[in-house]
Amino acid sequence: MTIREQTGNVDYAAKMLAIEVISEILATTSSNQLPEKLIEQIHELTGSKTVMLLVHPNSQEISKLVYSCPLRREQLFSPLDLEKFCPTFTPDPLPVHPQEFPEDHPLRTLLLQAKVESIIRFALHASGELVGTLLLLDVPEPARISDVIQTITPILPLTAMALKNAIAHIHIEHQAQQLAVLAAEREVHVVQKTSELNSAMHLLRANEELHRAILQTAMDGFWLTDTTGHIQEVNRTYCRMSGYSEQELLSMKAENLDADETPGEISKHMQLIIDKGEGCFETRHRRKDQSLFDLEVSVQYRPREHDGFIVFLKDITARKIAENEILHSLNEKETMLREIYHRTKNTLQVVRGLLVLHADEFPENTEVQQLVKCTEERIQAIALVHQMLYASKNLSSISIDKYLQDLSENIFQNSGQKTKNIHISYELEPHEVLIDSVIPLGLILNELLTNSIRHAFTDRDYGQISIQLHWNSGESAIFQYADNGIGVPDDFNFRAQTSLGLKLIHSLSEKQLLGSVQFKNSHGIQCIIEIPKSHYKARL
Amino acid sequence: MDAPLNILLVEDEVIAAMLMERQLKRMGFLVSNHVTTGEQAIQSALDSPPDIIIMDIQLAGSLDGIETAIEIRNNSQVPILFLTGFENPAFRERAQAVNPIGYLIKPMNEPLIKELIETVRGGL
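On a predicted model such as this, the values are computed, not experimentally measured, just so you know.

Peer 1: Got a minute to help me understand the overall build of chain A in this structure?
Peer 2: Along its length, chain A carries 16 helices and 16 strands. The 540 residues of chain A split such that 29% are buried.

Listed below in structure tokens is the structure:
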């Protein structure tokens, strides 16, 4: 027996029923299951073949759009078709029987195809908002449609509220799922990043260990210091070099080890390296046993990573010893070479002495005296070269200007009274000339000068001699000699003469110096020798 | 006529010494003794004090001419004239220790030597 049958008052019975239904559902159902429970109750109350609760299409982003009882009837309409059952505003009452629908009504065909014989539609509002639609399909006859409507109407607000809550619940679940997915993705990302970070850290540590191993096993010493020179890191090589332990060195500063610079000088040196960014120098350090060792130090200032110095220290003690040995050997050779020049000069003096002393045994023989005198002068010209080489810087060349002047003065000194009133003017451009070219030029000057002293001024009390040497482009030269003596007869052929002096002048100029010689006989003798660029190469 | 000067010639090269003796003779001076080492020179200066010593710097034996002159200077103010084969500033500076009357480079500058010896003779 229905409530209406019991009470005879449909409205009252419906409300009672609604209270009964609500009480039972609220007592037994969680909020997310309310829609299913409600339509089950409505299904039972009304005896409808199908009850559907449609979520309003505005309630987006949820997967659950339809609640159906029985559940198998959920697929009665496609989701797209179901939307057509959802009014966007409070609907006009639909005809109950599909046959009564206008021919062009969109639901007519749908209902007929689904073989639905009757339909009752309710709009569901919660808090003034349209949240869904309740469909009762195939309400059994002879139940009166109006009774059904009257029965259901009281529970529509609850149904709407339940639907809204369910939608909210679904929303929350959906968001929770999205958040869970996001969290899972984030977790994967975090795990991945953590893994990458761990790999990078591992690689970094491996690199650091590798670098440390390289520095520890390097042939050179290594320091890391702060800007005051305090050692912060040191490798085993430097420990071995210095004899100090790593622990001892880590409490020391550069100034405790450097033996060549004072703390003040080291401080200035470090500032210089800071200004320039790097530096390389040689110094000596003091070992723990106080002995010294030579180092080549390479320093880089690293303001960004470290604000201190990276220092590599190469032990160059062996190199320094070798250098000193080479230097010593070089000095020895230089001394030896000077000694050879010295001895050569002395030997020439001995030869000269023997000639002179032997000539003393023939004081009346003018030819012997003349021969010895000329030879003595020639030997002196050569000996002077060796004397000057002994004192020269590079041991292979001498200043030709100084040599020619010294030679002239020596010849004058040894000529005694004859040169008393003879004046020499010099115009000699300075130049360093190899021994190979100096000796021929010295012998030529000796011949010219001694000839002038002996023959040029025999008819007068005074004389003037001019000696000039000019260099073109620093290499080829013009040597000019002139006296203002009596000269020679006009038909005098310089080249045809048999005297050794003139032969020497021609031969030495042309064959040894590869130059040209020209004599002029005008107000005395003039001799011009052009000397090309020296064909001798430095031998030292 | 002036008494001949007593000249001590210290020169390790005998030929060079013979040449110098010849030149000095030509200038009118006679060498009274010629020795080749510093040790001989010191002994000679003690045994027979000379009026002037003409001294080479590089000598045979363990002493050079300057060391020899310093040793002689301990006992005598005899005028010393250095005559050496090579200009050497270090030697010249060391030589000042004995206040020599000259420091000349070979070959012998005859007029200059004659003038120096004459000055010594004038001071005797």
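Peer 1: Quick question: what am I supposed to make of the overall build of chain B here?
Peer 2: Secondary structure summary: chain B contains five helices and five strands in total. In chain B, which comprises 124 residues, the share counted as buried stands at 36%. Sequence separation of 24 or more characterises 59% of the internal contacts of chain B that already satisfy a separation of 6 or more.

Peer 1: What is the right way to look at helix 7 (residues 156-217) of chain A in this model?
Peer 2: An α-helical turn contains 3.6 residues, so a residue and the one three or four places further along point in the same direction. Residues and elements named next belong to chain A. Counted at 1.5 Å a residue, the expected span for helix 7 with its 62 residues is 92 Å, and the 88 Å between its end C-alpha atoms agrees. Burial in helix 7 covers these residues: Thr-159, Ala-160, Ala-162, Leu-163, Lys-164, Ala-166, Ile-167 and Leu-215. Residues of helix 7 that are buried make contact with helix 3 (34-46), strand 1 (50-55), strand 3 (119-126), strand 4 (129-137) and strand 5 (221-226).

Peer 1: Would you explain the sheet that holds strand 4 (residues 80-84) of chain B in this entry?
Peer 2: For sheets, the rule is that strands pair by backbone hydrogen bonds, running either parallel or antiparallel. All names here are of chain B. The five strands are arranged 2-1-3-4-5 in an open sheet whose pairing can be described as parallel. At either margin of the open sheet sits one strand with a lone partner, and together these are strand 2 (31-35) and strand 5 (102-105). On average, each strand axis in the sheet is inclined to that of its neighbour by 20 degrees, with strand direction left out of account. One ladder, built from four bridges, connects strand 4 with strand 5; its direction is parallel. Note on strand 5: the bridge partner recorded for Leu-83 is Leu-104. This element, helix 5 (residues 110-123), spans strand 3 (52-55), strand 4 and strand 5 of the sheet and lies at about 160 degrees to strand 5.

Peer 1: Would you take a moment to explain the sheet that holds strand 4 of chain A for this structure?
Peer 2: Residues and elements named next belong to chain A. The sheet built from four strands is open, its strands ordered 2-1-4-3 with antiparallel pairing. At either margin of the open sheet sits one strand with a lone partner, and together these are strand 2 (66-69) and strand 3. Strand-to-strand twist in this sheet, taken as the mean axis angle between neighbours without regard to direction, amounts to 15 degrees. Direction of pairing for strand 1 relative to strand 2: antiparallel, over a ladder of four bridges.

Peer 1: Explain the pairing of strand 7 (residues 278-286) of chain A to me, please; I cannot follow it from the model alone.
Peer 2: A regular strand places its side chains so that they alternate between the two faces of the sheet. Here strand 7 of chain A runs beside strand 8 (residues 292-302) of chain A; their pairing, made up of nine bridges, is antiparallel. Within the sheet, the bridge partner assigned to Gly-279 of chain A lies in strand 8 of chain A and is Val-299 of chain A.

Peer 1: Help me out: how do you make sense of the interface of chain A and chain B in this one?
Peer 2: Many descriptions give the size of an interface as the accessible area lost when the pieces come together. The interface is formed by 16 residues belonging to chain A together with 11 residues belonging to chain B. No other element matches helix 12 (residues 317-359) of chain A, which puts nine residues into the side of chain A that touches chain B. Partitioned by chemical class, the residues of the side of chain A that touches chain B number six nonpolar, eight polar and two charged.

Peer 1: Any chance you could explain the nonpolar core here in plain terms?
Peer 2: Side chains that are nonpolar tend, in soluble globular proteins, to be buried together. All names here are of chain A. In terms of nonpolar packing, the biggest core is built from 44 residues, with Val-385, Ile-398, Tyr-403, Val-438 and Ile-444 touching the most fellow members. Counting only elements with at least two residues in this core, the list comes to helix 12, helix 13 (366-391), helix 14 (400-414), helix 15 (435-456), strand 13 (463-472), strand 14 (476-483), helix 16 (500-512) and strand 16 (525-531). Per element, the largest residue contribution to this core is 10 residues, and it comes from helix 15. For Ile-444, the residues in contact, after removing those within four places along its chain, are Ile-505, Leu-508, Ser-509 and Ile-529. Within the second largest apolar cluster, 39 residues are counted, among which are Val-55, Tyr-67, Leu-134 and Val-139.

Peer 1: For this particular structure, what's the right way to read helix 13 of chain A?
Peer 2: All names here are of chain A. Taking 1.5 Å as the rise per residue, helix 13 with 26 residues should run 38 Å; its terminal C-alpha atoms sit 37 Å apart, in good agreement. Turning to helix 13, its buried residues number three or more, namely Glu-377, Arg-378, Gln-380, Ala-381, Ala-383, Leu-384, Val-385, His-386, Gln-387, Met-388, Leu-389 and Tyr-390. Tucked inside the fold, the buried residues of helix 13 contact helix 12, strand 10 (397-399), helix 14 and helix 15.

Peer 1: Would you mind going over the packing of helix 3 of chain A against helix 6 (residues 145-152) of chain A with me for this structure?
Peer 2: Think of two packed helices as two axes; the pair is described by the angle between the axes and how far apart they sit. Residue and element names in this part refer to chain A. For the pair helix 3 and helix 6, interaxial distance at closest approach is 11 Å and the crossing angle is 150 degrees. When the axes of helix 3 and helix 6 are compared, the pair comes out roughly antiparallel. The chirality of how helix 3 crosses helix 6 is right-handed. On helix 6, the residues that touch Ile-42, Leu-45 and Thr-46 of helix 3 are Val-148, Thr-151 and Ile-152. Grouping the amino acids of the contact of helix 3 with helix 6 by side-chain chemistry returns four nonpolar, two polar and no charged.

Peer 1: I tried to follow the environment of Ala-123 of chain A on my own but got confused; where do I start?
Peer 2: In this fold, Ala-123 of chain A is placed in strand 3. Between the C-alpha atom of Ala-123 of chain A and that of Cys-86 of chain A, which follows or precedes it by 37 residues, the distance is 8.0 Å.

Peer 1: I would appreciate a short explanation of the packing of helix 3 of chain A against helix 7 of chain A in the present structure.
Peer 2: All names here are of chain A. As a packed pair, helix 3 and helix 7 sit with axes 8 Å apart at the nearest point and diverge in direction by 150 degrees. Classed by the angle they form, the pair helix 3 and helix 7 counts as roughly antiparallel. Contacts between helix 3 and helix 7 involve Leu-34, Pro-35 and Leu-38 from the first element and Thr-159, Ala-162, Leu-163, Asn-165 and Ala-166 from the second. Tallied by class, residues from the contact of helix 3 with helix 7 come to six nonpolar, two polar and no charged.

Peer 1: Sorry if this is basic, but what is going on with the environment of Thr-225 of chain A here?
Peer 2: Residue and element names in this part refer to chain A. Summarising the element assignment, Thr-225 is placed in strand 5. The class of Thr-225 is buried, set by 21 C-beta atoms lying within 10 Å. On a C-alpha basis, the gap between Thr-225 and Ile-310 in space is 6.7 Å, while along the polypeptide they are 85 residues apart. Apart from residues lying up to four places away in sequence, Thr-225 is in contact with His-230, Ile-231, Gln-232, Ala-254, Gly-308, Phe-309 and Val-311.

Peer 1: Would you take a moment to explain unusual backbone geometry for this structure?
Peer 2: Peptide bonds are mostly trans, and most non-glycine residues show a negative phi. Residue and element names in this part refer to chain A. For the peptide bond that leads from Cys-69 to Pro-70, omega is 0 degrees, which places it in the cis range. One non-glycine residue, Leu-514, adopts positive backbone phi at about 55 degrees. With respect to the helices and strands, the residue Leu-514 is situated in the loop between helix 16 and strand 15 (516-521).

Peer 1: When you look at the environment of Thr-344 of chain A in this model, what are you seeing that I'm missing?
Peer 2: You can see Thr-344 of chain A is positioned in helix 12. Along the primary structure Thr-344 of chain A and Ile-382 of chain A are separated by 38 residues, whereas in three dimensions their C-alpha atoms are 9.8 Å apart.

Peer 1: It is not clear to me how the confidence of the model for chain B should be interpreted in this structure. Could you clarify?
Peer 2: It should be kept in mind that the predicted coordinates are not to be read in detail where pLDDT is low. The predicted model of chain B averages 90 in pLDDT, with 97% of residues at 70 or higher. Both confidence scores are given for the complex: pTM 0.57, ipTM 0.80.

Cut-offs used in this document
- Sequence order as written defines residue numbering, which begins from 1 separately in each chain.
- For naming, the first written chain is A and the first written ligand is 1, with later ones following in the order written.
- Local features in this predicted model are restricted to residues whose pLDDT is 70 or higher, and side-chain atom pairs enter the listing and the counts only when it is 80 or higher, whereas totals over whole chains, interfaces and linings include all residues.
- Numbering of helices and strands runs from the N terminus; a helix is a DSSP stretch of H or I covering at least four residues, while a strand is a stretch of E covering at least two.
- Exposure classes come from backbone-placed C-beta atoms, where a residue is buried if 20 or more other C-beta atoms lie within 10 Å of its own, exposed if 12 or fewer do, and partly exposed in between.
- With C-beta atoms placed from the backbone, a contact is any residue pair whose C-beta atoms sit within 7 Å.
- Here a helix's expected span is defined as the number of its residues, less one, multiplied by 1.5 Å.
- Pairing between two strands is assigned when DSSP locates at least 2 bridges connecting them.
- Each axis is a line fitted through C-alpha atoms, and for a helix only the stretch in contact is used; angles between axes span 0 to 180 degrees, taken between their N-to-C directions.
- Each residue is assigned to one of three groups, with Ala, Val, Leu, Ile, Met, Phe, Trp, Tyr, Cys and Pro labelled nonpolar, Asp, Glu, Lys and Arg labelled charged, and all others, Gly among them, labelled polar.
- In plain words, the nonpolar core is the set of buried Ala, Val, Leu, Ile, Met, Phe, Trp, Tyr and Cys residues that C-beta atoms within 7 Å link up.
- Should an angle fall under 35 degrees it is taken as roughly parallel, and over 145 as roughly antiparallel, whereas 65 to 115 is taken as roughly perpendicular and any remaining angle as oblique.
- For a crossing to be left-handed, the near helix must be turned anticlockwise from the far one by less than a right angle; the clockwise case is right-handed.
- A residue's pLDDT is simply how confident the predictor is in it, with values from 0 to 100.

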